[in-house]
Amino acid sequence: MDFLSRITRCPRPFEASQGAETAALFPGLSPELVQVVEGAAGCSPYLKTLAEKERDWLAEALVDPEVAIDELFDALPGTPDERLPDELRRAKRRVALLVGLADLAGVWPLETVTGTLTRFADLACDLALKAALRREIKRGKLPGQGEAELETACGMVVLAMGKMGAGELNYSSDIDLICLFDETRFEEADLHEARAAFVRATRRMAGTLSDKTAEGYVFRTDLRLRPDPQVTPVCMAMAAAETYYESLGRTWERAAYVKARPCAGDIAAGERFLQVLKPFVWRKHLDFAAIEDAHNMRLRIREHKGLGGPLTLPGHDMKLGRGGIREIEFFTQTRQIIAGGRDPDLRVRGTVEGLARLAEKGWIPQDAADVLTDHYRCHREVEHRLQMLRDAQTHALPTSDEEFDRLASFMDRDTAGLKAELLDRLSAVHDLIESFFAPETSEATPAPEADFDEEIIGRWLSYPALRSSRAVEIFKRLKPDILARLARTAHPHEALLAFDGFLAGLPAGVQVFSLFEANPQLIDLLADIAGTSPALAQHLSRNAGVFDAVIAGDFFAPWPGRTALCRDLADRLAAETDYERKLDTARRWCREWHFRVGVHHLRGLSDADDAGQQYADLAGAVIAALWPEVIAQFSQKHGAPPGRGAVVMGMGSLGAERLNAGSDLDLILIYDNDGVESSDGRRSLGARAYYAKLTQALITALTAPMAEGRLYEVDMRLRPSGNQGPVATGWDAFRKYQRDEAWTWEHLALTRARVIAGLSDLSEDVEAFRARLLAEVGERRRVVREVAAMRARINAAKTPAGPWDAKLGPGRMMEIELVAQAGALIAGETRRDVAAGLDAGVAIGWLNDGDREALGRAHALCWQVLQASKLLSVKPLDPDRIGEGGVDFLLRETGHEDLAALRADLDTCTAGAARVIDGLLAEVKDEV
């Protein structure tokens, strides 16, 4: 599209009008174009010089500036090496001239202006690098490399950092580069010679770009962002750089790599290097300590540059000064670093795009993003005008009235209005950013009635979490607020003791304290948890990363269900390439969701039934998402599963979808090799051995203690023949065993069996067989006799932990569930829950409605007590040991006024249930 039709503004000439002179220089230009050129030349001596030198080219370029730029860039790669420095400088003049005019006239938006400058910088770096490498190849200084390897720069890559990396180069920008080479392309004996050649090539490339000649320069080039620049060569091996960042990398270097981009040379090698650095840049947990690091960096820059003091316009630095461009960039990058490890959508390079993503994902308010984006665009426009005046790498506003008038004319503004707007914008940015980096310190103090034990508070400084001065400094700011919030809990002294347990178990404090400082609502949550469940508070101290989930935006959203959970975890696992990282990812993910279920239950957002379903959904999602990963890893060595594959069946509470906070998982695995005798991998296994080892691999994936802990304990004893049987059962063998050999208790267990993971066709076959079998094997008298015998064996072998044991004992959960399973088996009922089993018992006439009511009520109360107790403590429930907060939760969950009423109701209900069960089993009493 032509230039003329897109003009939206025009600079006013600051110096005497030269319209006639400009028209004479460009006889073919329209009056409107002459006015733009005249306005630019009249304000900027630099643009005036460029226009005079390139007038013939400019007259053609203004017809269609995009085409002119493309043709200019397309012509450069064919330039002979000896002419390249001059041609790059000539191209730079033309780019600077056309970009300047397009910017001044409003023809191109900011992104096109900065993007065009960045495209030219990429091209110039690539051409200069390859010319320098060609020289080394011709001299035989790059072992094993020839002309053919120049396409990939012999394994060397240039990383564009800062504004160039983000595609945001300003008008007179220098370029920050890090140069690396892939040492794996060379034999070890050749590395020294290759490194020396790459260093020479880097210096020659930098000279080609930055040396000032009669034709000018291309870009001022800075190579100092590399690791430890005082002692390292200008081009480093990737392995050495990786080692540095892993062991010594600092927060500012992490921030720098947010914008890093391979721009020249071996782009693929550069992308691989950035992939390797992802764990360094993007931490797996929310990293609020980065806020203080960035704030301290801001203060050091101000001090070093002498930019402190009140905000005044003369000489103010639009980049580094208060409310300037760097403030907005720091704000954006710091927020990205905080959350980008958890949310890959935030890993973008551009500042404007970063603000938009942060708002879109809920990490900053939309209005803050809009305001900062508007100010950023304005700041960049002012920055460009300052640099266009004399091609100076400056960001300082004028110090004289005359120069401010010149700037205002350049921007087609009146001076007073421009000054007022700049002051307003700089102040607005400063105030918004300062509130993020340095929020006001809380003045909260403990409530007078909270007479906390000073001995407990006094020992906090001896804990591991407070061994660093930085942790102590942050905690000192937090302490009044923490104590105030603990004082507001229902039971302050218990909350203090539980918080003390949390703090004592915390291995390090900086990250967690920074998290609390940036998100004070988490202190309330911790105080709530500490005042109710000290066990959960202690768990938090060992797994403080779960707090990340609380501030991720959807912690208190409705439960998503198993399908959505499975999809989410599968996506996260797919993003990891290393198997161990996949397993650790699954552990972190599961721990966060497990914590969410517990917090919702603790706060009354869900009840015992909801929590039981949610824990089961979570376990099912973990198994379903991990199973394909386990198969893929196992198949690398042993080949794909022979035949139709296998399914994982959940038994017991997992099958019935009623887990508690401490449940282990009862599993069995059924496979169908479908006549295929062995796998076809490089280490082939017979079908039986294959599936046995695959089952063990799944168990290991779930139970192995890793850096992120373990997922679940697994029990495989419900498989055919129990511990004496193989860990994986063939499909034919499973059917034969269930029909001909299984004990009645094994058929009872099948009433709660459910396929958790595996291919749909085999899953459907297994479920169809289960339904047929349950309809065939439930002869009433035999089933009732077996239930009576099992009840007697359990009572003889297992002693209840006390009067509050909801699971064991006459009329308690285990006995009622046995009756429900018997009802389901006798009736051939395929639904797996207790209520369905009891209803089936009524339908066949084994139970009456009164029996059903008594058993159902007792089971519901026992279930509520069990769910609450497992959340409060890993030990058997003892009201004297769970504290007042725990008692309050237990009473709220069960709907009772006090412990005496709950105990009486529990005893009455279970005694009534025991009498019902005695009556149901009386018909076989003499046979047991």
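Residues numbered from 1 in each chain as written. Predicted model: local features only at pLDDT ≥ 70, side-chain atom pairs only at ≥ 80, totals over all residues. Heavy atoms only, no water.

Participant: Hey, could you go over the nonpolar core for me, with residue numbers and the actual values?
Facilitator: Formed by 119 residues in total, the largest nonpolar core has its most connected members in Trp-589, Val-622, Ile-623, Leu-626, Trp-627, Trp-846 and Leu-855. No other element matches helix 28 (residues 608–638), which puts 16 residues into this core. If sequence neighbours within four positions are ignored, Val-622 has contacts with Leu-569, Trp-589, Cys-590, Leu-702, Leu-711 and Tyr-712. With 85 residues, the next largest nonpolar core counts Leu-33, Val-99, Leu-142 and Ala-206 among its residues. (Core = buried A, V, L, I, M, F, W, Y, C linked by side-chain atoms within 4.5 Å. Buried < 20%, exposed > 50% of the residue type's maximum accessible area, 1.4 Å probe, protein only. Helix = DSSP H or I, 4+ residues; strand = E, 2+ residues; numbered from the N terminus. Contact = heavy atoms within 4.5 Å.)

Participant: Kindly report on helix 12 (residues 267–281), identifying the contributing residues and their values.
Facilitator: Counted at 1.5 Å a residue, the expected span for helix 12 with its 15 residues is 21 Å, and the 19 Å between its end C-alpha atoms agrees. The largest bend along helix 12 reaches roughly 30 degrees and is located at Gln-275, with the proline Pro-279 sitting one to four residues downstream. For helix 12, the complete set of buried residues consists of Ala-269, Gly-270, Phe-273, Leu-274, Leu-277, Phe-280 and Val-281. If you follow the buried residues of helix 12, they end up packed against strand 1 (156–160), strand 2 (175–181), helix 10 (238–248), helix 11 (251–258), strand 5 (261–265) and helix 14 (325–340). (Expected span 1.5 Å × (residues − 1). Bend = angle between axes of the 7 residues up to and from the residue.)

Participant: Residue-level account of the packing of aromatic side chains, with values.
Facilitator: Enumeration according to the criterion identifies 20 aromatic pairs in this entry. Look at Phe-73 and Phe-120: their rings are 5.8 Å apart centre to centre, the planes differ by 20 degrees, and that puts the pair in the stacked class. Placement of Phe-73 in helix 5 (residues 65–75) and of Phe-120 in helix 7 (residues 110–138) is noted, with a sequence separation of 47 residues between them. Residues Phe-73 and Phe-120 agree in their burial class; the two are buried. Plain terms: the ring middles of Phe-186 and Phe-198 are 5.8 Å apart, the flat faces sit at 80 degrees to each other, and that makes the pair edge-to-face. Of the two residues, Phe-186 is situated in the loop between strand 2 and helix 9 (191–210) and Phe-198 in helix 9; the sequence distance between them amounts to twelve residues. According to the relative accessible area criterion, Phe-198 is buried, its value standing at 0%. Here the aromatic residues Trp-460, Phe-475, Phe-499, Phe-502 and Phe-513 are joined through ring pairs into a cluster of three or more. Seen from the ring of Phe-219, Lys-92 lies directly overhead, with NZ or CZ sitting 4.5 Å from the centre. If you follow Arg-658 out to its NZ or CZ, it ends over the ring of Trp-863, 4.2 Å from the centre. (Phe/Tyr/Trp six-rings, centres within 6.5 Å; stacked < 30°, edge-to-face > 60°. Lys NZ or Arg CZ within 6 Å of the ring centre and 35° of its normal.)

Participant: Give me the lowdown on the side chain of Ser-663, citing residues and values where you can.
Facilitator: Inspection of the secondary structure assignment puts Ser-663 in the loop between helix 29 (652–656) and strand 7 (665–672). Within the local environment of Ser-663, its side chain forms a polar contact with the backbone nitrogen of Asn-660, the two atoms lying 2.8 Å apart. (Polar contact = N/O pair within 3.5 Å; in protein donor to acceptor, adjacent residues only side chain to side chain.)

Participant: Break down the state of the cysteines for me, citing the residues and quoting the values.
Facilitator: Scanning the model with the defined rule gives zero disulfides in all. Cysteine Cys-235 shares no disulfide, and the gap to the nearest cysteine sulfur, in Cys-179, comes to 5.7 Å. Unpaired in terms of disulfides, Cys-590 finds its nearest cysteine sulfur in Cys-566, a separation of 13 Å. Note on Cys-590: relative accessible area 5%, which makes it buried. (Disulfide = S-S within 2.5 Å.)

Participant: Let's hear about the pairing of strand 1: which residues, and what values?
Facilitator: Judged by how many residues are buried, strand 1 sits mostly within the fold: five of five residues are covered. Burial of strand 1 is two-sided: the residues Met-156, Val-158 and Ala-160 facing one way and the residues Val-157 and Leu-159 facing the other way are all buried. Note that strand 1 and strand 2 share five bridges and pair antiparallel. When the sheet's bridge partners are listed, Leu-159 is paired in strand 2 with Ile-178. In the sheet, strand 1 pairs with strand 5 via four bridges, with the strands oriented antiparallel. What sits directly across from Leu-159, in strand 5, is Pro-262. (Pairing = 2+ DSSP bridges.)

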